[in-house]
Amino acid sequence: MKRDRYYELLASAEERLREALGLRPDETIQTALVLGTGWADAFSLKVDHTVAMQDLIGTDHDNPFVHVDALDGHARRYEIGKVNGRRVLVLRGRVHMNEFVFNPAGKLAVRMQIELLIRLGAKTLILTTGVGSLKPEIEVGSVVFFDGWVSSWSEEMPLFAGEFKDPEEAIRIETVGELTAVAHTGFEDLSLHVGSHVYWHGPHFEGRARDKKRMADAGGSCVSMSVKTEVAVSRLYEDVRTIPMGFVCNSPFEAMDHKHHRDVARAAAPKLGALLECLIAMVDP
């Protein structure tokens, strides 16, 4: 798809999203969250309006969302509501690059889902995901704030030619430090870490015998199939800051099981929900 056509479709989807969420053309929401595996169960939002991703297609039959299919545990739904009096945007259930191995036309859906949040005014993106640990000291049940990336494992980003941006620059290290310091004081019963993230394209899981060891040896702290693609998109906007973070669902040594990952996160839902509320209060005082 040509860049100009993509932005025509983006503008059309934005108009539908604004209408569905009850936002005026000039109205903006400063904080947005993307809720990944396990986190959607943790976050309680007083929802004012909601709209399914598929409802943003309208008559634009070449909209990338046309190619998005249902995926267990991923609602693919935009919401607007309040958390302790603060208005926030929420994308509950993201689209991943690995869903379009046999349908490349859908890859721009990964980009559009994030640019819609930014076009509605988001200046802070809190990006959550379920991750696998690459280090024994980062135990299941921990939360990791990402301070950078370890690259080169079959990476593919939803970017057009010439969009030369470093996703790592979207992470403001001082913000990560401030958030971690505050979270440590208020969540003593939740193990918090700062570390580097490895993006694994998938959809197959990384191997325990060799893949995870290679990632750890290269400096990785955790691994997942999302977030970096979204940060790459947000990096195109200089005034947008991202806060990427993951909940550790499995250790470096155990067998991978998506249902088990979700069950582990559900068990920690109250703590994760409280952590998100704390972060929202910090970025939107």
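Quick summary incoming for the structure in this document. (Residues numbered from 1 in each chain as written. Predicted model: local features only at pLDDT ≥ 70, side-chain atom pairs only at ≥ 80, totals over all residues. Heavy atoms only, no water.)

## As for the layout of surface pockets
Here is the rule we go by: In this analysis, the protein atoms alone were mapped onto a 1 Å grid. Cavities are point sets where a 1.4 Å probe fits without being able to get out; pockets are open sets with protein on both sides within 12 Å along at least five of seven lines; lining residues have an atom within 4 Å of a point. Grid points are joined across faces, edges and corners, and a volume is the space filled by probe spheres set on the points. Put simply, DSSP marks the helices as runs of H or I at least four residues long and the strands as runs of E at least two long, and each gets a number from the N terminus on. Under the scheme applied here, ten amino acids are nonpolar (Ala, Val, Leu, Ile, Met, Phe, Trp, Tyr, Cys and Pro), four are charged (Asp, Glu, Lys and Arg), and all others, including Gly, are polar.
By volume, the largest pocket is sized at about 570 Å³. Lining the largest pocket are 30 residues, with His74, His96, Asn98, Met225 and His258 positioned closest to its centre. Counting residues per element, the lining of the largest pocket draws most heavily on strand 5 (residues 124–133), which supplies four residues. Residue classes in the lining of the largest pocket are distributed as 11 nonpolar, 14 polar and five charged.

## Comments concerning the side chain of Arg76
Note the following rule: Using a 1.4 Å probe on the protein chains alone, a residue whose accessible area is under 20% of its type maximum counts as buried, one over 50% counts as exposed, and one in between counts as partly exposed. Any pair of residues with heavy atoms lying within 4.5 Å of one another is described as a contacting pair.
With respect to the helices and strands, the residue Arg76 is situated in the loop between strand 2 (46–52) and strand 3 (77–83). Arg76 sits in the buried class, given a relative accessible area of 5%. Contact partners of Arg76, with chain neighbours within four places excluded, come to Ala52, Met53, Val68, Asp69, Ala70, Leu71, Arg92, Gly93, Arg94, Val95, His96 and Glu99.

## Some thoughts on the pairing of strand 3
Each regular strand carries side chains that alternate between the two faces of the sheet. So the rule is basically this: We call two strands paired when DSSP finds no fewer than two bridges between them.
With respect to burial, strand 3 is a largely interior element, five of its seven residues being buried. Sheet topology places strand 2 next to strand 3; six bridges connect them, and they run antiparallel. Residue pairing in the sheet places Val47 in a bridge with Gly81 of strand 3. Bridge count between strand 3 and strand 4 (residues 86–92): seven bridges; the pairing is antiparallel. Each bridged residue has a counterpart across the sheet, and for Arg77 the counterpart in strand 4 is Arg92. In sequence, strand 3 turns back onto strand 4 through a hairpin of two residues, with Asn84 there showing a positive phi of about 50°.

Shape descriptors only; they carry no functional weight alone.
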